[in-house]
Amino acid sequence: MRILMTVSLPHRTFNAALRDGSVAAKIRKIMEAVKPECAYFTELDGKRTVVLVVNLADASQIPPLAEPWFLTFEADVQFRPAMVAADLERAGLDAIAKQWG
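Computed from a predicted model, the values in this text were never measured in an experiment. (Residues numbered from 1 in each chain as written. Predicted model: local features only at pLDDT ≥ 70, side-chain atom pairs only at ≥ 80, totals over all residues. Heavy atoms only, no water.)

Novice: Tell me about the packing of helix H1 (residues 11–19) against helix H2 (residues 23–34), and please be specific about residues and values.
Specialist: For any two helices packed against each other, one specifies the inter-axial angle together with the distance between the axes. The contact between H1 and H2 brings their axes to 7 Å, and the two run at 115°. Classified by the angle their axes make, H1 and H2 are roughly perpendicular. In this structure, H1 uses Phe14, Ala17 and Leu18 to contact H2, whose residues at the interface are Val23, Lys26 and Ile27. Looking at the contact of H1 with H2 residue by residue, the classes come out as 5 nonpolar, no polar and 1 charged. (Axes fitted to C-alpha atoms, helices over the stretch in contact; angles between N-to-C directions. Helix = DSSP H or I, 4+ residues; strand = E, 2+ residues; numbered from the N terminus. Parallel < 35°, antiparallel > 145°, perpendicular 65-115°, else oblique. Contact = heavy atoms within 4.5 Å. Nonpolar A, V, L, I, M, F, W, Y, C, P; charged D, E, K, R; others polar.)

Novice: Break down H1 for me, with residues and values.
Specialist: Turning to H1, its buried residues number three or more, namely Thr13, Phe14 and Ala17. The arc enclosing the buried residues of H1, seen along the axis, measures out at 95°, which places them on a common side. Looking at H1, the residues exposed on the side facing more than 90 degrees away from the buried face are Arg12 and Arg19. The inward-facing, buried residues of H1 contact strand E1 (2–9), H2, strand E3 (47–55) and helix H3 (62–73). The first or second residue beyond H1 is Gly21, which carries a positive phi of 80°. (Buried < 20%, exposed > 50% of the residue type's maximum accessible area, 1.4 Å probe, protein only. Arc of directions from axis to C-beta.)

Novice: How would you explain the environment of Ile30 if you had to name every residue and give the values?
Specialist: With respect to the helices, strands and loops of the structure, Ile30 is situated in helix H2. Sequence separation between Ile30 and Pro68 is 38 residues; the distance between their C-alpha atoms is 6.2 Å. The residues contacting Ile30, other than those within four sequence positions of it, are Pro68, Trp69, Thr72 and Phe73.

Novice: Account for the side chain of Ser8, naming residues and giving values.
Specialist: Following the sequence through the fold, Ser8 ends up in strand E1. Given the relative accessible area of 15%, Ser8 is considered buried.

Okay, structure coming up:
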């Protein structure tokens, strides 16, 4: 299943890594371990944020994706299921609308 993984990086921890010159190596190490389909670095609610697209076969894959961010940056991590257009087409919206509409 395709998942949007949102990582919010706390200022204090990230700034310390930035100041000591370790931030690039830490992010590179995490990205090599997580192997996202894609990743976007942005700002969300005033915090440095990484939005990754990852694929999960089952829930047991969540800790290996989240723990590197928790342990390295004390980050907040959220997971949201995401669909591409083909997934939405297979969802059977017409049948659902007939049943519940």
